[in-house]
Amino acid sequence: MKRLIALLMLALPLAVLAADATPTDLDPVAAKRAVDISAQLRCLVCQNQSIAESNAELAVDLRRQVNEQIKAGKTDREIVDFMVDRYGEFVLYKPPFNLTTLLLWLGPLALAVLAVVAFVRTLRARNRAIVERPLTDAERAEAERLLAQVSKEQG
Amino acid sequence: MSEALNPDGVPPATEPKSRLRFLIPLAIFIVLAGFLFRGLFLNPREVPSPLIGKPAPQFSLAQLHQDDQTFAPQQMQGQVWLLNVWASWCVACRQEHPLLVELAKDKAVPIVGLNYKDKPDEAKGWLAKLGDPYDLSVKDRDGRVGIEYGVYGVPETFLIDKNGVIRFKQIGPITEEVWTKKMLPMIEELRRS
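Fair warning: this is a prediction, and the values are worked out from it, not measured in the lab.

Concerning the sheet that holds strand β7 (residues 166-171) of chain B
Residue and element names in this part refer to chain B.
Here is step 1: With respect to topology, five strands assemble into an open sheet ordered β5-β4-β3-β6-β7, the strand pairing being mixed. The outermost strands of the open sheet, each flanked by one partner alone, are β5 (136-140) and β7. Taken pair by pair, the neighbouring strands of this sheet meet at an average axis angle of 20°, ignoring direction.
Here is step 2: Relative to strand β4 (residues 111-116), strand β3 (residues 81-86) runs parallel, the two sharing five bridges. Paired with Val-85 across the bridge in β4 is Leu-114.

Remarks on the interface of chain B and chain A
Here is step 1: If you look at the interface, chain B gives 17 residues, while chain A gives 19 residues.
Here is step 2: Counted by class, the side of chain B that touches chain A contains ten nonpolar, six polar and one charged residues.

A look at the environment of Arg-167 of chain B
Residue and element names in this part refer to chain B.
Here is step 1: Residue position: Arg-167 is located in strand β7.
Here is step 2: Separated by 122 residues in sequence, Arg-167 and Arg-45 have C-alpha atoms that sit 20 Å apart.
Here is step 3: Other than its neighbours up to four places away in sequence, Arg-167 contacts Ile-52, Leu-159, Ile-160, Asp-161, Met-186 and Leu-190.

Here we look at the pairing of strand β6 (residues 156-160) of chain B
Residue and element names in this part refer to chain B.
Here is step 1: The element β6 is largely enclosed, with a buried count of five among its five residues.
Here is step 2: Residues of β6 alternate between two faces, with Glu-156, Phe-158 and Ile-160 on one and Thr-157 and Leu-159 on the opposite face, all of them buried.
Here is step 3: Of the pairings in the sheet, the one linking β6 to β7 comprises five bridges and is antiparallel in character. Within β7, the position partnered with Glu-156 by the bridge is Ile-171.
Here is step 4: Between β6 and β7, which follow one another and run antiparallel, lie five residues, and Gly-164 among them has a positive phi close to 80°.

So, the environment of Gly-172 of chain B
Residue and element names in this part refer to chain B.
Here is step 1: Within the secondary structure layout, Gly-172 lies in the loop between β7 and α6 (176-192).
Here is step 2: Accessibility expressed as a C-beta count within 10 Å gives 17 for Gly-172, which makes it partly exposed.
Here is step 3: Separated by 104 residues in sequence, Gly-172 and Asp-68 place their C-alpha atoms 31 Å apart.
Here is step 4: Beyond its immediate chain neighbours, meaning those up to four positions away, Gly-172 contacts Ala-92, Gly-153 and Pro-155.

Quick notes on the packing of helix α2 (residues 28-40) of chain A against helix α3 (residues 57-71) of chain A
Residue and element names in this part refer to chain A.
Here is step 1: As a packed pair, α2 and α3 sit with axes 10 Å apart at the nearest point and diverge in direction by 135°. In this view, α2 runs oblique relative to α3, as classed from their interaxial angle. Judged by the sense of rotation from one axis to the other, the crossing of α2 with α3 is right-handed. Between α2, through Ala-30, Arg-33, Ala-34, Ile-37 and Ser-38, and α3, the contact on the second element is made entirely by Arg-63, Val-66, Asn-67 and Ile-70.
Here is step 2: Considering only residue class, the contact of α2 with α3 consists of five nonpolar, two polar and two charged.

Conventions and cut-offs
Residues numbered from 1 in each chain as written. Chains lettered and ligands numbered in written order. Predicted model: local features only at pLDDT ≥ 70, side-chain atom pairs only at ≥ 80, totals over all residues. Pairing = 2+ DSSP bridges. Helix = DSSP H or I, 4+ residues; strand = E, 2+ residues; numbered from the N terminus. Axes fitted to C-alpha atoms, helices over the stretch in contact; angles between N-to-C directions. Contact = placed C-beta atoms within 7 Å. Nonpolar A, V, L, I, M, F, W, Y, C, P; charged D, E, K, R; others polar. Buried ≥ 20, exposed ≤ 12 C-beta atoms within 10 Å, placed from the backbone. Parallel < 35°, antiparallel > 145°, perpendicular 65-115°, else oblique. Left-handed = near helix turned anticlockwise from the far one by under 90°.

Take a look at the structure:
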């Protein structure tokens, strides 16, 4: 009995999760669109949740707005633009590619290229150091002395 | 042991150029620390409004005290005015309120209240208790006009010019400092133009 209760309690959060953001008065295709659009939009009150996940009042209102606009026959693009016009590009979880976000999008790529260039250069410099600088006579003599010492110890 | 030989077979770093290389991580650290330090003083809740410089969205809503009368922003054409979003359930509005009452007493600027997602009775009670600084308040019961104005927290205040263009948006309570340093000079300038 105890186990059953525990199991039911564990299942409880799942039920809550499923209830989230699922518009009931839309057909399945439109409902999926509503959830997809909502998942792209940041909840400005909570900031680290999308409006699909959040239960903040504003998120509820904005979900309603999304549902209504879908019913009114708006395209996904139009609905997202509606939000951006009012709340700014910050509402988009995936920032658009433009001049202000250039560094954001290309920064990691530039860093990776820089790292590869630095890596290749280091490797080449090392090769050059080994190949282009043969041992001097003194070094060779020292090396032979050490090797001889080792083989004597082993022998 | 001769100094010229080290385990990697790399010649020892003698040129000053390679010595400077060791300063690169320090330089990167300083730049990074600079950015992070700056970040300490940024408020992530202050999202710049895309509505600045755009015409204030139109609406027509019933007034809080005179339910049979509506208000629309174009009625304020020719005046510099404030649209203040407030609610009786909003704690920060309580904090802001004395300043608004003060401004209203001085007739500093017309203030229209957008009573956001509130119950009319509670809103009226709140104003009766704390003072009513608004020329009038309108009821945005379901928050639709709030969405048009990109409201995501209360209080928010929009400064609107004679031509109905939004010039400034204050997110959160108007403080004494914001009023004297930013809003008042802007209002005076907008009145002259």
